[in-house]
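# Notes for the structure review
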Amino acid sequence: MNCLPRFLLLVVSGAALAHGSWCLAEPTAEQLDFFEKKVRPILVERCQKCHGAEKQESGLRLDRREMAFKGSDSGQAIVPGDPDKSLLIEAVRYQGDIQMPPAGKLPDEEIALLVAWIKSGAPWPGSLPADGPPGPGNPPSAQDAQTTHWAYRPVVRQAVPTVKAAEWCQNSLDRFILHELEGRGLSPSPPVDRRTLLRRASYDLIGLPPTAAEVEAFEHDSSPAAWPRVVDRLLASPQYGERWARHWLDVARYADTKGYVFNQEMRYPFSYTYRDYVIRAMNADLPYDRFIVEQIAADQLALGDDNRPLAALGFLTLGRRFMNNTHDIIDDRIDVVSRGLMGLTVTCARCHDHKFDPIPTADYYSLYGVFASSQEPAEEPLVGVPEETTAYAQFKQELAARHKAVDDYQLEQQAVLAGQLRSRTGDYLAYLTHERPGAPPSEEPMLSLSSDDLRRPVIDRWRQYLKQTVANGHQVFMAWHALAAIPSAEFAQQAPAAYDRWSSAEQAGQPMNAIIKQTLVERRPATMMDVARLYGEVLAGIEKEWSEARKAAPPPERLADAAKEELRQVLYGADAPVTLPPELARKLFNREVRDHLTGLQRRVEEWIATSPASPPRAMALVDAPAPFESYIFVRGNPARHGERVPRRFLQVLSHGQREPFKHGSGRLDLAQAIASRDNPLTARVLVNRVWLHHFSSALVNTPSDFGVRTDRPTHPELLDWLASAFMDEGWSLKRLHRLILLSGTYQQAGIERPDCVGVDPENRLLWRMNRRRLDLESMHDSYLAVAGRLDRTFAGRPVDIWAAPFSARRGIYAYIDRQDLPGVFRVFDFASPDSSNESRPRTTVPQQALFAMNSPFVIEQVRRINARPEVANEANGVRRVQALYRILFERQPREDELELARRFLAAAPSFDEISKLSPWELYVQVLLSANEFMFVD
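What counts and what doesn't
- Residues numbered from 1 in each chain as written.
- Predicted model: local features only at pLDDT ≥ 70, side-chain atom pairs only at ≥ 80, totals over all residues.
- Heavy atoms only, no water.
- Helix = DSSP H or I, 4+ residues; strand = E, 2+ residues; numbered from the N terminus.
- Buried < 20%, exposed > 50% of the residue type's maximum accessible area, 1.4 Å probe, protein only.
- Contact = heavy atoms within 4.5 Å.
- Areas by Shrake-Rupley, 256 points an atom, 1.4 Å probe, with all protein chains shown as cover.
- Lys, Arg positive; Asp, Glu negative; His and termini not counted.
- Charge placed at Lys NZ, Arg CZ, Asp CG, Glu CD.
- Expected span 1.5 Å × (residues − 1).
- Phe/Tyr/Trp six-rings, centres within 6.5 Å; stacked < 30°, edge-to-face > 60°.
- Lys NZ or Arg CZ within 6 Å of the ring centre and 35° of its normal.
- pLDDT = per-residue confidence, 0-100.

## Overview of the overall build of the protein
- Within the protein, the secondary structure is distributed over 41 helices and six strands.
- For the C-alpha atoms alone, the extent of the protein along its principal axes is close to 120 × 75 × 60 Å.
- Taken across its 937 residues, the protein has 52% of its residues classed as buried.
- The contacts in the protein between residues at least 6 apart in sequence include a share of 68% that link residues at least 24 apart.
- Split by element, the accessible area of the protein, about 41900 Å² in all, is 53% carbon and sulfur.
- Taken together, the 112 basic and 122 acidic charged side chains of the protein have centroids lying 1 Å from each other.

Structure below.
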């Protein structure tokens, strides 16, 4: 269900295609991902038993693309683009004579997935024979891929090419760009003017517009070092970390909430500590390889007195919670690590071998084992030492009270549950008398809506307890084991001899519980089931006697009779099957109790999340006490166990014999393998992401997928040269920025040139700079900056920046609710916090203009701009317009712009009844909506 809403957008976008002439075009990566993760599992689990390779009822086969589209004896099962004409949909909806599956109708959400898939054109990877060439369903081997696919080959520092117009080049980067341009008969564009260049760099590096004074200073500085000084100043600005941390948070699918989690607290109380960690890391120019290791395994590093890097583990823990489904949470963590850091779609191998890349299912479950061997601590570690203030003391007092309410209720209900389980002792023993031999213990507790159900984990505990009584010669169960050894068919004949033997004088000294022995001799049960019931009655009697004894003052600690005390220990001993650890007890509470306990726990989490005195903590991971020995889930089904696989690195990125990870869960080993210079993907992926944010066009057009499906880089030699230089220079992001910004390529103008458009219409060769609209955060922060009220306070808890009274914090500090993202985020192409993002979409829709016209936030900034002293105190209209241009555009208006302003202000009063704004306020609103303010050239 999690991919459905996003995928439906693709359906809507394709709705204009005519159903009758639908073309089975090459599916997009997102469509294939949707099919593999959501549709194929339905076909496998629900359909292919009767419509697969071994059996094709009604002539329909749904395990291969060409067979599925061929249809059945009744007609076309799948009509791409038209689910209503598809017999498959008719059958699963139970709308006709054919109703599939016959055992019962599919859940509505699965039907909706099938409908969405067919409506979008039924994208399905093509089928190829097993011995066919590498492609869909038949990827190259790891060894072949390492030599044939550019991304899997080692990074090599390429030779800088020779060019004809070498005088244009500012550094070696330019030679790679110019070499490609000259090869196509093109030339670069002339340098951009200084004001535009400074505005471009300012938004690129700190996400804010330059001031008019900064522009004037740069325009009047004729020194050759003027531009390098500007770049260095911007890189040293604290706002640099805020700008580039926001780019990384897109990759890290950052949000302040968990998504839908039913009645649990939806907020992450300490999500902001990860965001603040990233900002600090960017500002400190933390080497990228260390940045990677801290985000995956900071808990396993020697951090010394500064434990703030523990917050880096939010990279793993801040994803969706998927209704607390462990398997989906781990899948999300594998995805953010593999796509975010290495550009590999490893999660496509969750249910089957990757269809395109040499990533077998075994490799997926090797990584699954790493994260299954890691757990979130019961209490997140503090980041730093909180100051012992009065507010902090009050916070701790209230927190302790709320924790106590949880603990008291837990203990109370645990006692109630234990009492219920003691009263059912006979039932549990009876169950075990007819259980099939070798029954495995349950891996998941059975959720119970009724207290009368037998609980599977308790059955497991009784089974284990009885095994232990054999080893330790437990006197209460000596008779049980002797009778259980009699074959059931011979029980009625052989059991009386046992009873006679136990009642004889020579057996008087037999080490057997006297009460059990006497009861068996007197009652002489005829079946093992009767024995179980008898044990239950005896223990119930002891339970009743103990309850009466506890009413005395003071209550006794044990029963005086040794035989009775031995029986009581079966029910109350530390190792008793019904003496449950708190974690298991919580899972076995019925729905009503669990809901009430969840409500109490939510009060704790709410206090931690909302109290201003709550000290920052790291959303950390730690290794589990014992590593999880991973095995393949057959077809992605956790209930179907395949072969075991060691925790180790991906085959396609390894050479020689792969060794299992050696350190605990393996997270540290994994992090070091990713951050290794020998990994051909890590530096390439990062360099490509940085290039994208500077040029609005990546060298590799799928920044999170460097697999065999992706197009070759536009400049493959440049990509490798940059990646090699990046690693050689200490994995420094700031040095990489400086190299790019000091290049002639970056300093080009953005003018259109018809001669170049005809050869390279998408400007993939970078013969000019691309124009781009401000992203949401830069737009928001620019409004505040020109209004003179931007709050530059560093770090802290998230705030709702779109709710009145409007906060002046920067956009990176906005509260991100992944379950209910405000509309303004979507209107301005904010990255979806549901999964790792390779880039943000770019749309131009009417709502963007309407926002500038109607948003209360914008109107408030309009009024504040007009209230700035240099504007409000200026009586002369021309000078007032000049002041506004200086604030908003860092320049003086032209004569035609002054004339437009005069005419607009003269006509503005006629709009007053509609807008409720003064003429000057309307004029400022128009200027804020201008492309010159909203775009960067």
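## Quick notes on helix α16 (residues 361-372)
- Its twelve residues place the ends of α16 16 Å apart at the C-alpha level, agreeing with the 16 Å of an ideal helix rising 1.5 Å per residue.
- Counting buried residues in α16 gives ten out of twelve residues, a clear majority hidden from the surface.
- Contact partners of the buried residues in α16: α14 (314-317), α15 (326-342), β1 (374-375), β3 (631-633) and α27 (667-674).

## Observations regarding the packing of aromatic side chains
- For the structure shown, the criterion picks out 43 aromatic pairs.
- Considering the side-chain rings of Trp 150 and Phe 706, the 5.3 Å spacing of their centres and the 50° angle between planes classify their relative orientation as tilted. With Trp 150 in the loop between α6 (142-148) and α7 (172-183) and Phe 706 in the loop between α28 (682-695) and α29 (716-728), the pair connects residues that are 556 residues apart, well separated along the chain.
- Ring geometry for Phe 695 and Tyr 746: centres 6.1 Å apart, planes at 80°, overall edge-to-face. Note that Phe 695 is positioned in helix α28 and Tyr 746 in the loop between α30 (733-741) and α31 (754-759), a separation of 51 residues in sequence.
- The exposure class of Tyr 746 is buried, given its relative accessible area of 0%.
- Directly above the aromatic system of Tyr 746 lies the positively charged group of Arg 200, at a separation of 5.7 Å from the ring centroid.
- Lying across the ring of Trp 920, Arg 880 places its NZ or CZ 4.6 Å from the centre.

## What about the side chain of Ser 778?
- Note that Ser 778 resides in helix α32 (residues 776-786).
- Leave out the neighbours within four places in its chain, and Ser 778 touches Tyr 203, Gly 207 and Arg 243.

## Considering the confidence of the model for the protein
- Averaged over all residues, the pLDDT of the protein equals 90, while 92% of them reach at least 70.
- Under a pLDDT of 50 for its full length, residues 1-24 has, in the predicted model, 38 contacts with residues more than four places off or in other chains.
- In this model, residues 127-133 is a region of pLDDT below 50 whose contacts with residues beyond four sequence positions or in other chains number twelve contacts.

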